Structures are given as structure tokens and as C-alpha cells.
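Structural overview for review
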Amino acid sequence: MITEAGHYALVLALALALIQSTVPIAGARWGDAALMNVARSTALAQLLFVAVSFSALVMLHVSSDFSVVNVFENSHSTKPLIYKITGVWGNHEGSMLLWVLILALFGGLVAAFGNNLPLSLRAHVLAVQAWIAAAFYLFILVTSNPFLRIATPPIEGRDLNPVLQDIGLAVHPPMLYLGYVGFSISFSFAVAALIEGRIDAAWARWVRPWTLVAWIFLTLGIAMGSYWAYYELGWGGWWFWDPVENASLMPWLAGTALLHSAVVMEKRNALKVWTILLSILTFSLSLLGTFLVRSGVLTSVHAFATDPTRGVFILMILCLFIGGSLSLYAWRASALKQGGLFAPISREGALVLNNLFLTTACATVFIGTLYPLALEVLTGDKISVGAPFFNLTFGPLFVPLMMAMSFGPLLAWKRGDLLGAAQRLTAAGIAALIAIAVIYAWTYGGSTFAPLAIGLAIFVIAGAITDLAERMALFRVPFATAMQRARGLPRATWGTAFAHAGVGVALIGIVCETTWNSEYIGTLKPNDVAKVAGYELKLDGVTQRQGPNYREMIVPFTVTLDGKTLSVMMPSKRNFTTRASSTTEAALLTRGASQLYISLGETTNEGAVAVRIYHKPLVLLIWWGPILMAFGGLLSLSDRRLRVGAPKPAKASRALQPAE
Amino acid sequence: MTRKQRRLTMIGGSLAVLAVAAALVLNAMRDSIVFFSTPSMAAEKQIPTGKRFRLGGLVQPGSLVRGDNLAVNFSVADGAATLPVAYKGILPDLFREGQGVVAEGALDASGVFRADTVFAKHDETYMPKDVADALKKQGHWKDDYGAKPSASAVPAQGASK
């Protein structure tokens, strides 16, 4: 019964999406307000029905109804409740349902909070949103229906892939999808602007909060996924340059560029055409990511699904939306008016530079990800493009970007003073040079690259602080006045500083982890001691434990530093009987921002255990960086300017509507 | 500066960055790309000693020998040919005889494939796509290999890097 209800709700959502994708446009054509308002009610109703459909699937998983294929294939009655719920999106069908749920959620948000949008713009935006939704409802109903039944229901399910039975999976995909799918809003706004042939600074002010929300979630989602891979896959890697990771990195790079170009458009009414193009490209890359992950064209760390009919269907959606929006762009973009002028050395110029490097870096990731696929299709040769390729292309492009990052906020709009900015950055530059010298001397004879990279990171962080200090005139006016000015600074300024500093923090983590990571790999017997980076780890013994749906071998290690016992670490190996597969649960010991990491290998007949022990210095900075960036984004989102300008039913905001 | 000059500056700058990026990509393409071979393809192509490639196939049943200090020897077969592989380190969780494997490394002078990374599947029925394709091509494909291909290949980093 629940199954049929869920299925039916999804069909109704499709019907609503079809109405929403046509009626409001007709309304906008004829200037009929009633028809345009249809978009609002259908968007909200659509959200309701998709939510019903999704809840139905969750209930089926929770109640272990194995008469449903999707539940049978991905669940097991003894699976802990949390994984019964998260298992809903741990498979292809369920994750697509989550995808459309989030799409409907964003549509619903625009409908609910978009009262201060011009009526025709809101109608167009929601209609475009409905085109996307309709295509994906069709995709789910035709190729990936999660509500299919089995004629003779089995007693027990096949269980979820053990690697996915982890709290990381509860958070990572929803976050990532909130980011991916969130960019659909800026896409819809861009297409709506092209259809209407009108775009202005107010448009950018509406688009920016949505882009920012999506960007925050995508940033956190990527960081989360990276940390999950780090502790779950058992060899301490946190970024594999795997195509699936690249699929999420590309929209992030394009989205970051979009975030910055939208600033120029909002403040200076320039770069309009480019911002529209970026909006389209960012969501296109999200769609491409969905295609890469969901079609099974890749075999990679995340390869869940393989089914050619699905691949072809998503490819068609991809071509339709990317091709369609780009054609519309080619046709209508010239109709958009040119914006304000600016000198190459100016805040706008710096933001253009940012966009240039970010999109170029995105392009190199694109080539590295798709070239092997293209080559295989064309010549049949199989190649793999791995970390060395990306280190040689992506890395060098990020260096000038980070150099420029400190200068940008210090330049004035329209015409900037590079020399003045450089002077104000003297302190930051000196801090960076000292850092380089100290680290070089301290690690003398080691890598020369690492101190330089850390110097760059320090420069970025100090640059962000300089920007704040300059704005509150710290050291030039009495301290109390400076604090007062600090409180008066727009939150977006604080946001910029935090986000930029976050990039520097992440870079320090990346460099330290890759350069000074020490490891011990070998076999240990009980009471053997391994020494890693000054720590002594004693293997205490091997114990067995029965978990809910697995058997676990736990190997406790006593960790001592200079004779003092710090902690007992408990790495384990789990054997999942249903799938006859095992997972390695690494044990982590956090010391400041550094971590000790133990993961187990196989046991030999004599009772010795193969172990991998790593000491990863400052590794946590890799994820604290993105958290800082997301926090900066959040601050920026709470800026008064955006709160007032954002779609929100506030009387005061009426005044901000564009003169039409 | 006039609007035209400004635009030229921007276009010029963009082209310069793109040219640099293109040069970087081409350079990286030349050095850091790894080809995939099965044992019979490797024999056919006569891959020179020391050239890195990815070797894929099935772990020959009965060929797995564990030595001291995590040294492992096994053979990779694709039905037509086999190639001995030497690896030092911890094998992935579900490395098993008779199942698909992909290893990255190079041949040494004695014709042994020295792997520094071994990728194995994370599911009892899963096989790396490269291996499945190669086996299909040679007619060694059994349908039950791909019965339920929902899985993840997980790389294991070697100690002998």
C-alpha cells in the first residue's frame, strides 16, 4: 500500500511539473497574473508530493518490506535503524529520488519566499525549474523506479554495501545534492533572464543568496566526502582525483567563479553576459556530474550503478538542457545590455582574473576526467589519468589565483591602485617570508616546495587579516574606535576574509599531510611495538566481537609518547556475512590538528596482524579550511544587503525592486 | 583606455592563461598517463621494462604466495596468458584468488610485474570494468560475474613506493 502510494505521488508530481512548466509561461506571454501564479501553487504541491513519495520509500526501508526490489537489494532486517534510513539514498533509485526531492525543495523555496520577485520572472524561473524536474521524474519512473515489487517476496534482504554503512553516508550525499541541485536555481534564473531578455543588478542580488547556499552545501559536502574516504577506505588518502570526486569539484570551481562574478554584476552592473554563462555552465557541470556518477560510465571508488538505458536517458537530459540553454544563450545574450566600465587593475579586474583561473582550472579537471572516456570511445585504448596529471595542471593554475586572492579585496572598484595594495600587504608578505625561512631551516634538506607552499598559504591568511585590519583602520585609530568600525563592517566583508583564510588553512593542511606524513607498514604480533613519529604503539591483543549484522575483529593498541600513555586505539575489521565482504575500520587519534591513523590488513596463521600506521601532521586543517570557507559563506549570506535583497516577504524590500 | 583597449587587454590576458593551461595539460598528458593492459595484451605489445601501466585480469587460483615483511606474489591471468606479479604491502580487503584485480606498476628485467598499487573490488560479484571488458572481448566472460555490479573499487597504496 505504501509502495503504491509513493509511486502514485511521484506520478502526480510529474503531472504537476508538466503543468508548472507550461502554464506560467503562457501566462507570462499573455500577461495573465492568475496563470503566472499557477507556478507558485504547483511548485509547493510538487514539493509536497515528492516528499510523500520519499517518505514512503523511507518507511519501506525502515519496515524492511522485502517485497520491494529496492529494499530487498539494499537492506537487511538486522541492519541498524540509522543505516536503514540512510540506505534509502545509498543506492541508485533512492539517490535519484533524493535528487528530485531537493530539486522540488529549492523550487518550493523560491515559490514560498519569492514574493518580491517580479511576477513574470518568478513564473519563468519556476517553469524552467519544472522542466528539469519533469525530465528527472520521467527518468526515475521509466528507468529507475524505486517502487517496483517482487512477485514472490524473499524473507531476507541482500544488505547494503558495507562500505556505505557509515554515518558519513548519512550526511555526504544530501549535502552534495543540496549543492549540486541548488545550482539549478541560478540556472533557472539565468534561463529566465534570457527568455525575458532583461537582466540588471537586482537580478544578481536575487541570484547571489541561492548560489551562496548551494556553494556552502557543496563545499561542506565535498569536504565531508573527502573525510569519509579518509577514515573509511583505510589507507589514509583524502583525495583520489577520482572521476566521481572531480564530478563534484567541477561544479564547485564553476560555482565559486559564479559567486565572484555575481558580485561584480551586483555592485557594478558589469559582466552580465558572463555571469549568465557561468550560471548555465555551473548547473551543466552538476548535470554532467550526475551523469558520470549515475550512468555507470566510470568505474571508480563510488561506482554504484551500471545500466546502459539509464546512461542514455541521462545523456539525453544532459544534451537537452545544456544544448538548449547554450543555444538560448547564443541567441539572446547579445540582447543584454553592456554594463559598467572598469580598468584592468581594479576590484572588477581582480574578480575577472579569479574567474579566469577558476574556469581554466575547472577546464583542466574536465579534460582530465573526460579525456580517458573520449579516448576509449574513439580508439578503444584504455588509459587512466591520475593524481600526477592533476598535480601538474591544476596545481600551477591555483598558485597565481592564491597570489591574487589577497590583492583583490584591497583594490578599489573601477580603478585600483596595485602599488597601494602591495604596500598594505607588506606585513602579510613579510609574515610569509618569515614562515618560508623558518620552515626551510627547520626541515633543512627536505622538500623545498613545501616551505614555499606554506608561505603562500600564510600570505593568503595574512592577506585576509590585512583586509579586515585595513577596513577597521586598526593601529591607525584608537583601539575602541577600530572595534566599533569592526562591528560596523558588512558581514559580507567578514565572510570574504573567513572564506579566503579558509583556502590558506586548507593549503597548509594539504602540504603538511603530503610532505611530512610518516608511516609504518608491517606485521605485528601481540605485545609488539611500532614506532611512528615519536609515538610508540603497542599491539595489546586480538579480540572478537559480534555486531548487529557483522562480526568484528578488534585490535587494541596502547599509544605512548615519551613513556606517557595517551590512549588506546581500537582499529577493527568487520566481516559482513550477508555480502561475504569485509570493511576496515580505521582508528584515529587526534592530537591538535594532527592525527595518528591505524588500519588493519589481513591476519597471518601465526596470529600476527598486518597493520598500517600513519602519523599525519596537521591533517585536520584540510577539512577545517573548507569549514572556514563555508562559515564565511554563511556570514556573507546573513549580510543585511542580501537579507533585504533576498526573496523574502518583507515590505521594505519592495523599494529594492528594479525600475521597470 | 578606451572600451576597445580594455576589452583587448582582457581577451589577451585570457588567451595567455588559456595557452599556459593548454601547455600544462599537453605536458602532463605526455608524462603522467598510464595505459591499461591484460597479460596477453602486455605480451603482444612487448611493453618495455620500467614503463608504468595498469595490469588487469583474474588472480590465478593457487598462485598466491605470501613472503616475509608483507611481500606478496601472485599471478594475473586472462585466459590466454599469465603474468607473475610481485607486491609489497597490504592487499585490499577483498583481494581473492579467482577474482578480478587491477594492479599498477611496471615490468622488471626478469619479466615480473612489480606493482606498487593494487586495486580490488569491494563486492563479491564486482569486477573492475577494464577487466570485464577485456575478458568479454576474449570470450572468457561468465554472466554471473556481473550479476550485481554495485560496488566500489578501492585502491590500496603500496609500501614499495
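Details of the structure are given in the entry above.
Described below are features of the structure shown in this document. (Residues numbered from 1 in each chain as written. Chains lettered and ligands numbered in written order. Predicted model: local features only at pLDDT ≥ 70, side-chain atom pairs only at ≥ 80, totals over all residues. Heavy atoms only, no water.)

1. A look at the overall build of chain A
Regarding its fold elements, chain A presents 20 helices and 13 strands. A compact globule built from 660 residues would reach a C-alpha radius of gyration of about 26 Å, and chain A, at 27 Å, matches this within 12%. Seen along its three principal axes, the alpha-carbon backbone of chain A occupies a region of about 80 × 75 × 55 Å. A total of 660 residues make up chain A; the buried ones form 60% of that total. In chain A, of all internal contacts separated by at least 6 residues, the share reaching a separation of at least 24 is 74%. (Helix = DSSP H or I, 4+ residues; strand = E, 2+ residues; numbered from the N terminus. Rg over C-alpha atoms; globule rule 2.2 N^0.38 Å. Buried < 20%, exposed > 50% of the residue type's maximum accessible area, 1.4 Å probe, protein only. Contact = heavy atoms within 4.5 Å.)

2. What to know about the side chain of threonine 38 of chain B
Its location among the elements puts threonine 38 of chain B in the loop between strand 1 (33-37) and helix 2 (39-45). Given a relative accessible area of 1%, threonine 38 of chain B falls into the buried group.

3. Some points on the sheet that holds strand 4 (residues 535-539) of chain A
Residues and elements named next belong to chain A. Overall, antiparallel pairing links the 4 strands, which are arranged 3-4-7-8 in an open sheet. Each edge of the open sheet carries a strand with a single partner, namely strand 3 (529-532) and strand 8 (564-569). Across the sheet, the axes of successive neighbouring strands diverge by a mean angle of 25 degrees, strand direction being ignored. Judged from the 5 bridges that link them, strand 7 (residues 557-561) and strand 8 form a sheet pairing that is antiparallel. Each bridged residue has a counterpart across the sheet, and for leucine 561 the counterpart in strand 8 is lysine 564. (Pairing = 2+ DSSP bridges. Axes fitted to C-alpha atoms, helices over the stretch in contact; angles between N-to-C directions.)

4. Observations concerning helix 1 (residues 3-31) of chain B
With 29 residues, helix 1 of chain B ought to run about 42 Å at 1.5 Å a step, and its terminal C-alpha atoms sit 42 Å apart, in line with that. Every buried residue of helix 1 of chain B is listed here: Arg6, Val17, Ala21, Leu24, Val25, Ala28 and Met29 of chain B. Contacts made by the buried residues of helix 1 of chain B are with helix 12 (347-379) and helix 13 (387-407) of chain A together with strand 1 of chain B. (Expected span 1.5 Å × (residues − 1).)

5. Remarks on unusual backbone geometry
Residues and elements named next belong to chain A. Look at alanine 473: it is not a glycine, yet its phi comes out positive at around 55 degrees. In this structure, alanine 473 sits in the loop between helix 16 (449-471) and helix 17 (479-488). Backbone geometry places phenylalanine 475, a non-glycine residue, at a positive phi of 70 degrees. If you trace the backbone, phenylalanine 475 turns up in the loop between helix 16 and helix 17.

6. Overview of the pattern of salt bridges
All names here are of chain A. With the rule as written, the count across this model stands at 15 salt bridges over all chains. For arginine 574, the salt bridge identified is with glutamate 552, shortest N-O distance 2.8 Å. Note that arginine 574 is positioned in strand 9 (residues 572-576) and glutamate 552 in strand 6 (residues 551-554), a separation of 22 residues in sequence. For glutamate 552, a relative accessible area of 3% corresponds to the buried category. (Salt bridge = Lys/Arg side-chain N within 4 Å of Asp/Glu carboxyl O.)

7. Section: the pairing of strand 6 (residues 100-107) of chain B
Residue and element names in this part refer to chain B. Among the 8 residues in strand 6, 8 count as buried, and that is most of the element. Bridging between strand 2 (residues 52-59) and strand 6 involves 7 bridges; their strand directions are antiparallel. Note that in strand 6 the partner of phenylalanine 53 across the bridge is glycine 105.

8. Considering the environment of glutamate 93 of chain A
Residues and elements named next belong to chain A. Structurally, the position occupied by glutamate 93 is in helix 5 (residues 92-113). As a C-alpha pair, glutamate 93 and arginine 294 span 201 residues in sequence and 9.5 Å in three-dimensional space. With residues near it in sequence (within four places) discarded, glutamate 93 still touches Asn70, Ser144, Asn145, Pro146 and Arg310. Among the polar contacts listed, one links the side chain of glutamate 93 to the side chain of asparagine 70, at a separation of 3.2 Å. (Polar contact = N/O pair within 3.5 Å; in protein donor to acceptor, adjacent residues only side chain to side chain.)

9. Quick look at the sheet that holds strand 10 (residues 581-585) of chain A
Strands in a sheet are paired, the pairing made by backbone hydrogen bonds, and the direction either parallel or antiparallel. Residue and element names in this part refer to chain A. With antiparallel pairing, 4 strands are arranged side by side in an open sheet as 5-6-9-10. Strands at the two margins of the open sheet, each flanked by one partner only, are strand 5 (543-546) and strand 10. On average, adjacent strands in this sheet sit at an angle of 20 degrees to one another, irrespective of strand direction. Here strand 9 runs beside strand 10; their pairing, made up of 5 bridges, is antiparallel. Bridging from a neighbouring strand, lysine 573 pairs with threonine 584 of strand 10.

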